[in-house]
Amino acid sequence: MARRVFYSFDYQRDSWRASMVRNIGMVLGNQAAIDNAWEEVYKSEDSAIRRWIKKQLNGRSCTIVLIGAETARSKWVRYEIEQTLLSGKGLLGIRIHKLLDQKQQEDMAGPDPFEGLSMPDGRLVTDVIHTYDPPGETSKEVYAHISEHIESWIEIAIAER
């Protein structure tokens, strides 16, 4: 069963990698946004960006945080995680630093964006939410692993919310 999910990621650094995952096709993700659309939203005031994020999260059953080198430092990723937690949607993380970017380069692994966050009931997010670090030596192996498992990861996240 295809799920409607929201993908949260550091746009500046990981949009290429995120688009690879979003195009796997096992789940219905956000409508692919062209660069100019996000750049227009990003230029807006914070309140407009928050409204846009809330609108994007509406109707989604799960948020997938695609974790790259800078993801944990993004205030908007943090906001998307917080809104997901408050709404009771499924939440999971997938490390994507081994996927190649448009220059055919891997990246460094980044810190855990769930570190230091709490669930609405007080438990630590890192004790509850699964973060997957796909095995593989090459980008193709990592992509194949994500492709094979993303659907079950989503179902687990939804069931455990």
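Going by the structure above, here's the rest.
Residues numbered from 1 in each chain as written. Predicted model: local features only at pLDDT ≥ 70, side-chain atom pairs only at ≥ 80, totals over all residues. Heavy atoms only, no water.

Peer 1: What am I meant to see in unusual backbone geometry here?
Peer 2: A negative phi holds for most residues other than glycine; trans holds for most peptide bonds. Phi at Gln104 takes a positive value of approximately 65°, unusual for a residue other than glycine. Relative to the elements of secondary structure, Gln104 occurs in the loop between β3 (90-95) and α5 (125-128). (Helix = DSSP H or I, 4+ residues; strand = E, 2+ residues; numbered from the N terminus.)

Peer 1: For this particular structure, what's the right way to read the nonpolar core?
Peer 2: Here is a general trend for soluble globular proteins: nonpolar side chains tend to be buried in one another's company. In terms of nonpolar packing, the biggest core is built from 22 residues, with Val21, Ile64, Leu66, Leu92, Ile94, Ile146 and Ile150 touching the most fellow members. Broken down by secondary-structure element, the contributors of at least two residues to this core are β1 (5-8), α1 (11-22), β2 (62-67), β3 and α6 (139-159). The element best represented in this core is α6, accounting for 7 residues. Counting 12 residues, the second largest nonpolar core, distinct from the first, contains Val65, Val77, Leu117 and Val128. (Core = buried A, V, L, I, M, F, W, Y, C linked by side-chain atoms within 4.5 Å. Buried < 20%, exposed > 50% of the residue type's maximum accessible area, 1.4 Å probe, protein only.)

Peer 1: Please clarify how the packing of aromatic side chains should be interpreted in this entry.
Peer 2: The description of an aromatic ring pair rests on the distance of the ring centres and on the angle between the ring planes. Here the structure, examined in full by the defined rule, presents 2 aromatic pairs. Consider the rings of Trp76 and Tyr79, whose centres lie 6.1 Å apart with planes at 80°: the pair is edge-to-face. Taken together, the residues Trp76 and Tyr79, both in helix α4 (residues 75-87) and 3 residues apart, mark about one turn of the helix. A relative accessible area of 9% places Trp76 in the buried class. Taking 4.1 Å as the distance between ring centres and 10° as the angle between the ring planes, the aromatic pair formed by Tyr132 and Trp153 counts as stacked. Remark: Trp153 occurs in helix α6 and Tyr132 occurs in strand β4 (residues 130-132); sequence separation between them is 21 residues. Residue class for Tyr132 comes out buried when judged on its relative accessible area of 16%. A relative accessible area of 6% means that Trp153 is categorised as buried. (Phe/Tyr/Trp six-rings, centres within 6.5 Å; stacked < 30°, edge-to-face > 60°.)

Peer 1: Explanation requested: α4 in the structure shown.
Peer 2: Counting along an α-helix, one turn takes 3.6 residues, and residues three or four places apart therefore face a common direction. With 13 residues, α4 extends 18 Å between its outermost C-alpha atoms, agreeing within 8% with the 18 Å of an ideal straight helix rising 1.5 Å per residue. Among the residues making up α4, those that are buried are Trp76, Val77, Tyr79, Glu80, Ile81, Gln83, Thr84 and Leu85. Of the residues flanking the end of α4, it is Gly88, one or two places downstream, whose phi is positive at about 80°. (Expected span 1.5 Å × (residues − 1).)

Peer 1: Looking at this structure, how should I read the environment of Ser139?
Peer 2: Following the sequence through the fold, Ser139 ends up in helix α6. Using a relative accessible area of 9% as the deciding quantity, one classes Ser139 as buried. C-alpha of Ser139 to C-alpha of Glu45: the two residues are 94 residues apart in sequence and 37 Å apart in space. If sequence neighbours within four positions are ignored, Ser139 has contacts with Met20, Lys98, Leu99 and Leu100. (Contact = heavy atoms within 4.5 Å.)

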